[in-house]
Amino acid sequence: MSESTPITPDPNSPQPLDSVTPTESVKAAIDRSAKTRQLLGMKGAAAGETSIWKIRLQLMKPITWIPLIWGVVCGAASSGEYTWTLENVLKAATCMLLAGPLMTGYTQTLNEYYDREIDAINEPYRPIPSGAIPLPQVITQIWVLLVAGVAIAFVLDVWAGHDFPIITVLALLGSFVAYIYSAPPLKLKQNGWLGTYALGASYIALPWCTGHALFGELNWKIVVLTVVYSLAGLGIAIVNDFKSIEGDRKFGLKSLPVMFGVTTAAWICVVMIDVFQAAIAGYLIYIHENLYAAILLLLVIPQITFQDMYFLRDPLKNDVKYQASAQPFLVIGMLIAGLAIGHAGI
């Protein structure tokens, strides 16, 4: 057994394993991955982008558009009135444009502007702290996205034939919540509970109500239901706070990981996610949509599994891995709940 094996390398080898350097192709792949992460607004990105349009896109964090676009889909489903006509598809696509690139893009750019000092510690590769774009251009982008978003919301109200411009009101409400979340003097994100819930409601309640209002009649039951569902979104929002603990602590932002410590905050996160999904399933049973309730509960099981496998064991290391593994089941559950509500005619 003196020969080298896959398990026991030859110690006399002229090139020990720890001295092997990545090939050019591997380096190129790593570089592409880092640039893609930067463009999408993900953790583990790299600076150095020179295209002004890509930099503007980075400010808008496209990866964050997906939950709100999906919220519109869930709202359309819960209305019970969506049909697959060309006009409805165009309406839905326009509403997704409103919820994702415009309103979420506005929110993220605004947050980047007010968090530039914190990002210089937590994510120095972001466009503003890295010096890739001057502040006046960032301010212009904020205003353009806001005005475009409100204008599109009004167009959707006219298109849907609303007597009261409910979608415009929801857009204005969302833009106001985004402002007080990021900007002083309120800066809700300084308060772990209020800030995190505002984020969760923006991800679930607002786009859901907008999609529902576009195709159906928005009522108090839908508002209450989505507000409750947003408490599960609060748990999802907590996951995003673990990457920012150092900067949050330095600048006095009381995120839940800063307030309660990593372990306790991780448990608060998973309990909120699981309990309020189960509460929605309980409501579906109450309205006699038992099959949908059973499917929703089954979708919670893999989330609990990934929480145990990844998140609870090391929230700082495994936050992204947990989100990639578990969140698809959460968002499918949202659609199941929307279909159930639409079927019940709530």
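Residues numbered from 1 in each chain as written. Predicted model: local features only at pLDDT ≥ 70, side-chain atom pairs only at ≥ 80, totals over all residues. Heavy atoms only, no water.

Caption draft 1: A look at helix α13 (residues 262-286). For α13, with 25 residues, the first-to-last C-alpha span of 36 Å sits near the 36 Å given by 1.5 Å per residue. Taken residue by residue, α13 has Ala265, Ala266, Ile268, Cys269, Val270, Met272, Ile273, Asp274, Gln277, Ile280, Ala281 and Leu284 as its buried positions. In the core, the buried residues of α13 are packed alongside α8 (192-203), α10 (220-239), α12 (256-260), α14 (290-311) and α15 (315-344). Positive phi appears at His288, one or two residues downstream of α13, with a value of about 70 degrees. (Helix = DSSP H or I, 4+ residues; strand = E, 2+ residues; numbered from the N terminus. Expected span 1.5 Å × (residues − 1). Buried < 20%, exposed > 50% of the residue type's maximum accessible area, 1.4 Å probe, protein only. Contact = heavy atoms within 4.5 Å.)

Caption draft 2: Focus on unusual backbone geometry. Residues Pro184 and Pro185 are joined by a peptide bond in cis, for which omega reads 10 degrees. You can see Pro185 is positioned in the loop between α7 (166-182) and α8. One non-glycine residue, Lys61, adopts positive backbone phi at about 45 degrees. Tracing the sequence through the fold places Lys61 in the loop between α2 (52-60) and α3 (65-79). You will see that Lys187, though not glycine, has its phi angle at about 40 degrees, which is positive.

Caption draft 3: The nonpolar core, seen in detail. Counting 74 residues, the largest nonpolar core has Tyr106, Trp208, Tyr229 and Phe311 as the members making the most contacts within it. Looking at this core, the element that brings in the most residues is α13, giving ten residues. Leave out the neighbours within four places in its chain, and Tyr229 touches Ile204, Trp208, Gln277, Ile280, Leu296, Gly333, Met334 and Ala337. (Core = buried A, V, L, I, M, F, W, Y, C linked by side-chain atoms within 4.5 Å.)

Caption draft 4: Looking closely at the packing of aromatic side chains. Counted by the stated rule, this structure contains eleven aromatic pairs. For the ring pair Tyr82 and Phe215, a centre distance of 5.0 Å and an interplane angle of 85 degrees mean the geometry is edge-to-face. Placement of Tyr82 in the loop between α3 and α4 (86-114) and of Phe215 in helix α9 (residues 205-215) is noted, with a sequence separation of 133 residues between them. With 5.3 Å between their ring centres and 85 degrees between their planes, Phe242 and Phe311 make a pair best called edge-to-face. Residue Phe242 is located in the loop between α10 and α11 (245-250), and its partner Phe311 is located in helix α14; the two are separated by 69 residues in the primary sequence. Across the pair, exposure class does not vary: Phe242 and Phe311 are buried alike. (Phe/Tyr/Trp six-rings, centres within 6.5 Å; stacked < 30°, edge-to-face > 60°.)

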